[in-house]
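Each chain, written out:
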Amino acid sequence: MNWIYTKKSIANHQLETAGQPILSSQKHGWENILVEQFQHPPGEANCHYSDEHTICLSLASRPVRFLQVREGKTYSGLYGKGDISITPAKTPFFARWDSEDHYLQIRLAAHFIQRIAQEILDQNLEHLELLPEFRTRDPQIEAIGMMLLNELQQENLGGKLYIESLTNVLAVRILRQYATTEARLPTYKSGLPERQLLQVLEYINEHLDEDIRLSSLAQLLGMSQFHFSHVFKQSIGTAPYQYLLQQRVERAKQLLKQTDQSVMEIALLCGFNSHSHLSKQFRQLTGVTPTAYRTN
């Protein structure tokens with residue numbers, strides 16, 4: 001990756017952008033995806049990501065006039081909140097913007113997109129290509145982007161299972177809408193056999209205090225993450241990360257009533273990373289705080 005910022009004179013002022021994000025998922029250890037929030041004054045940049053496909057989602061409160069030069073072609077126009085650009089890996093470009101820009105940048109590992117494509121299409125795609133987009137609207141990608149931003153703002157509240165689920169959904173959306181090879185998604189008419197479902201539910205129950213991964217659950221049954229997510233939801237009517245959260249709150253309810261352990265101790269035993277983390281999720285699912293639940 002190469003991000004080079006240069007000075008630009010705007011309204012007789014010399015301005016230089018700083019390349020540091022406001023928020024970044026780097027410290028959270030999210031696999032196959034990097035999510036960063038940026039806010040830059042007017043300026044210009046040369047950009048190049050060799051191993052990652054890049055999605056930029058505008059968060060600007062007012063439209064920003066944007067110019068981009070990519071593969072010998074020049075694009076220009078106003079970027080408003082919710083507008084999205086997609087740049088495939090190994091595609092250098094020059095960008096210029098004439099007012100303060102605020103956006104979310106999502107970088108997906110090219111090898112991860114390749115693997116998801118092989119799992120979905122069940123064929124070896126040696127030269128998977130994505131179609132670049134200068135400015136488009138995609139409500140599904142926008143919604144996923146805002147959920148990822150919310151996770152950044154709340155310090156990874158949902159855990160790795162939630163992030164892996166969002167990453168997989170985003171990858172499938174990119175493949176379905178922006179790949180040169182049409183991705184026809186398989187349909188699943190039935191859920192998991194009872195034996196396999198019980199195996200997964202037992203694993204979740206035994207590891208509630210750990211940061212359970214979607215990849216671990218899928219591996220348990222020898223399935224792709226995409227396939228597992230679909231058949232699990234068909235089996236019990238809820239996504240894996242939602243089921244995990246429900247079970248953690250149920251365990252917390254038991255411990256609150258049956259033990260005198262502190263709320264902080266219970267939070268850690270149930271896989272929450274703090275007192276406030278447990279309180280927030282507990283209240284969302286039950287309508288009361290852990291302390292109020294214990295005293296009722």
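Cut-offs and rules
Residues numbered from 1 in each chain as written. Predicted model: local features only at pLDDT ≥ 70, side-chain atom pairs only at ≥ 80, totals over all residues. Heavy atoms only, no water. Helix = DSSP H or I, 4+ residues; strand = E, 2+ residues; numbered from the N terminus. Buried < 20%, exposed > 50% of the residue type's maximum accessible area, 1.4 Å probe, protein only. Contact = heavy atoms within 4.5 Å. Areas by Shrake-Rupley, 256 points an atom, 1.4 Å probe, with all protein chains shown as cover. Core = buried A, V, L, I, M, F, W, Y, C linked by side-chain atoms within 4.5 Å. 1 Å grid on protein atoms, 1.4 Å probe; cavity = no way out; pocket = protein on both sides within 12 Å on 5 of 7 lines; lining within 4 Å. Points joined across faces, edges and corners; volume = space filled by probe spheres on them. Expected span 1.5 Å × (residues − 1). Salt bridge = Lys/Arg side-chain N within 4 Å of Asp/Glu carboxyl O. Phe/Tyr/Trp six-rings, centres within 6.5 Å; stacked < 30°, edge-to-face > 60°. Lys NZ or Arg CZ within 6 Å of the ring centre and 35° of its normal.

K.L.:
Give me the lowdown on the overall build of the chain, citing residues and values where you can.
P.N.:
Along the chain, the regular secondary structure elements total 10 helices and 13 strands. Taking all 296 residues of the chain together, the buried fraction comes to 49%. Sequence separation of at least 24 residues holds for 72% of the intrachain contacts in the chain that already meet a minimum separation of 6. Counting every atom, the chain has about 14900 Å² of accessible surface; 47% of that belongs to carbon and sulfur.

K.L.:
Lay out the nonpolar core in plain terms, naming residues and giving numbers.
P.N.:
Core analysis: the largest hydrophobic core is formed by 35 residues, its most contacted members being Ile33, Ile55, Leu148, Leu170 and Ile174. Of all the secondary structure elements, the ones that give two or more residues to this core are strand 5 (33-40), strand 7 (52-58), strand 10 (84-87), strand 12 (101-109), helix 1 (110-121), helix 2 (139-153) and helix 3 (159-178). Take this core: its biggest share by element is nine residues, from helix 3. If sequence neighbours within four positions are ignored, Leu148 has contacts with Trp30, Ile33, Val35, Ile106, Ile163 and Leu166.

K.L.:
Let's hear about empty space enclosed by the protein: which residues, and what values?
P.N.:
Inspection of every chain in the model, using the stated rule, returns one cavity of 30 Å³ or more. Of the pockets and cavities examined, the largest cavity occupies roughly 250 Å³. Those elements that provide at least two residues to the lining of the largest cavity are strand 7, strand 8 (64-70), strand 10, strand 11 (93-97) and strand 12. In terms of residues, the lining of the largest cavity owes the most to one element, strand 7, which gives four residues.

K.L.:
Account for helix 3, naming residues and giving values.
P.N.:
Compared with an ideal rise of 1.5 Å per residue, which puts 20 residues at 28 Å, helix 3 spans 28 Å between its outermost C-alpha atoms and is within 8% of the ideal. Summarising burial for helix 3: 16 of the 20 residues are buried, a large majority.

K.L.:
Describe the pattern of salt bridges, with residues and values.
P.N.:
Taken as a whole and judged by the stated rule, the model has nine salt bridges. Glu31 serves as the salt-bridge partner of Arg213, at 3.2 Å between the closest nitrogen and oxygen. In this pair, Arg213 sits in the loop between helix 4 (194-206) and helix 5 (214-220) while Glu31 sits in the loop between strand 4 (23-24) and strand 5, placing the two residues 182 residues apart along the sequence. The partly exposed category is assigned to Glu31, whose relative accessible area is 47%. Salt-bridge contacts for Glu250 lead to Lys253; the nearest nitrogen and oxygen are separated by 3.2 Å. Pair noted here: Glu250 and Lys253 are both in helix 7 (residues 240-258), with a separation of three residues, about one helical turn. Residue Glu250 is classed as partly exposed on the basis of its relative accessible area, which comes to 37%. Connected through salt bridges with shared partners, the residues Glu31, Glu164 and Arg213 form a single ionic network.

K.L.:
Can you explain the packing of aromatic side chains? Please cite residues and give values.
P.N.:
Inspection of every chain in the model, using the stated rule, returns nine aromatic pairs. Ring centres 5.5 Å apart and planes at 20 degrees place the aromatic pair Tyr75 and Phe134 in the stacked group. Remark: Phe134 occurs in strand 13 (residues 133-136) and Tyr75 occurs in strand 9 (residues 73-79); sequence separation between them is 59 residues. Looking at Phe134, the relative accessible area reads 11%, which means it is buried. Ring centres 5.5 Å apart and planes at 70 degrees place the aromatic pair Phe282 and Tyr293 in the edge-to-face group. Remark: Tyr293 occurs in helix 10 (residues 290-295) and Phe282 occurs in helix 9 (residues 275-286); sequence separation between them is 11 residues. Its relative accessible area of 0% is what places Phe282 among the buried residues. Cluster of aromatic residues (ring-pair linked, three or more members): Phe66, Tyr75, Tyr79, Trp97 and Phe134. Lys257 extends its terminal NZ or CZ atom over the ring of Tyr293, reaching a point 4.9 Å from the ring centre.

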